[in-house]
Amino acid sequence: MDEAFLRSDTEIADTAQMYKALGDVTRLRILGLLRNGELCVCDIMEVLKLPQSTVSRHLAYLRNNGLVSGRRKGKWMYYQLHESVLQKGIRKKNLTSFTKLSVCVSDQIDLQKHLLEKKRKDCL
């Protein structure tokens with residue numbers, strides 16, 4: 001088979017996989033929360049009112065598809081949008097458009113309230 005055809009076949013499969021990752025409300029809400037910077041899993045749990053296992057599963061899916069990256073600090077993981085997000089077809093315009101949805105705006109307000117009320121700087 002032609003190498004260019006195989007490469008384009010892989011690219012379309014990768015693109016389809018990325019859109020699958022974006023095809024879930026919780027994952028879109030997580031991306032909306034991360035658009036302003038790194039967050040601890042505990043912060044995401046608090047805002048979305050979801051258990052750690054659910055949030056971690058969605059973050060793993062996003063990480064496996066190259067949309068977020070994480071680092072461990074103590075027992076907690078901190079996540080941020082992966083630097084390649086803008087290169088993977090999620091242009092800033094697209095990211096901004098879905099984060100303007102009422103649920104994402106509400107999530108941002110809840111996040112800001114949560115961060116202001118948070119007693120300690122880092123999660124333990």
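Refer to the structure printed above.
Conventions and cut-offs
Residues numbered from 1 in each chain as written. Predicted model: local features only at pLDDT ≥ 70, side-chain atom pairs only at ≥ 80, totals over all residues. Heavy atoms only, no water. Phe/Tyr/Trp six-rings, centres within 6.5 Å; stacked < 30°, edge-to-face > 60°. Lys NZ or Arg CZ within 6 Å of the ring centre and 35° of its normal. Core = buried A, V, L, I, M, F, W, Y, C linked by side-chain atoms within 4.5 Å. Buried < 20%, exposed > 50% of the residue type's maximum accessible area, 1.4 Å probe, protein only. Helix = DSSP H or I, 4+ residues; strand = E, 2+ residues; numbered from the N terminus. Contact = heavy atoms within 4.5 Å. Pairing = 2+ DSSP bridges. Salt bridge = Lys/Arg side-chain N within 4 Å of Asp/Glu carboxyl O. Axes fitted to C-alpha atoms, helices over the stretch in contact; angles between N-to-C directions. Parallel < 35°, antiparallel > 145°, perpendicular 65-115°, else oblique. Left-handed = near helix turned anticlockwise from the far one by under 90°. Nonpolar A, V, L, I, M, F, W, Y, C, P; charged D, E, K, R; others polar.

A. View of the packing of aromatic side chains. The full count for this structure, using the stated rule, is zero aromatic pairs. In this structure, R27 packs its charged tip against the face of Y61, placed 4.1 Å from the ring centre.

B. Examining the nonpolar core more closely. Counting 28 residues, the largest nonpolar core has L31, L34, V41, I44 and L59 as the members making the most contacts within it. Counting only elements with at least two residues in this core, the list comes to α1 (3-22), α2 (25-34), β1 (39-40), α3 (41-48), α4 (52-64), β3 (76-81) and α6 (102-117). Considering every element that reaches this core, the biggest residue donor is α3, with six residues. Not counting chain neighbours up to four residues away, the residues in contact with L34 comprise L39, I44, L59, V68, Y79, Q80 and L81.

C. Just the sheet that holds strand β2 (residues 68-73), in detail. Taken together, three strands build an open sheet; the order of strands is β1-β3-β2 and the sheet is antiparallel. Each having just a single partner strand, β1 and β2 make up the two edges of the open sheet. The pairing of β1 with β3 spans two bridges and is antiparallel. Residue pairing for β3: L39 is matched across the bridge by Y79.

D. How the structure looks around α3. For α3, a buried count of seven out of eight residues is recorded, marking the element as mostly surrounded by other parts of the structure. Here α3 has its buried residues at V41, C42, D43, I44, M45, V47 and L48. Against the buried residues of α3 lie α2, β1, α4, β3 and α6. Positive phi shows up at K49, right after α3, with a value of about 55°.

E. Structural view of the pattern of salt bridges. On inspection of all chains with the given rule, the structure shows four salt bridges. In this structure, E38 engages R71 in a salt bridge whose closest nitrogen and oxygen atoms are separated by 2.8 Å. On the criterion of sequence distance, the pair formed by E38 in the loop between α2 and β1 and R71 in strand β2 is long-range, its members being 33 residues apart. Its salt-bridge partner being K49, residue E46 comes within 3.3 Å of it at the nearest N-O pair.

F. Region of the structure containing unusual backbone geometry. In the Ramachandran plot, K49 falls in the positive-phi region, its phi being about 55° despite a non-glycine side chain. Tracing the backbone through its elements, the reader meets K49 in the loop between α3 and α4. Residue classification places K49 among the exposed positions, given a relative accessible area of 63%.

G. Examining the packing of α3 against α6 more closely. Two elements in contact, α3 and α6, have axes whose closest approach is 9 Å; the angle formed by their N-to-C orientations is 125°. In terms of axis orientation, α3 runs oblique to α6. Considering only the axes of α3 and α6, their crossing is right-handed. The segment α3 lies against α6, with D43, E46, V47 and L48 engaging D107, D110, L111, H114 and L115. Residues belonging to the contact of α3 with α6 are distributed by class as follows: four nonpolar, one polar and four charged.

On their own, these measurements won't tell you what the molecule is for.
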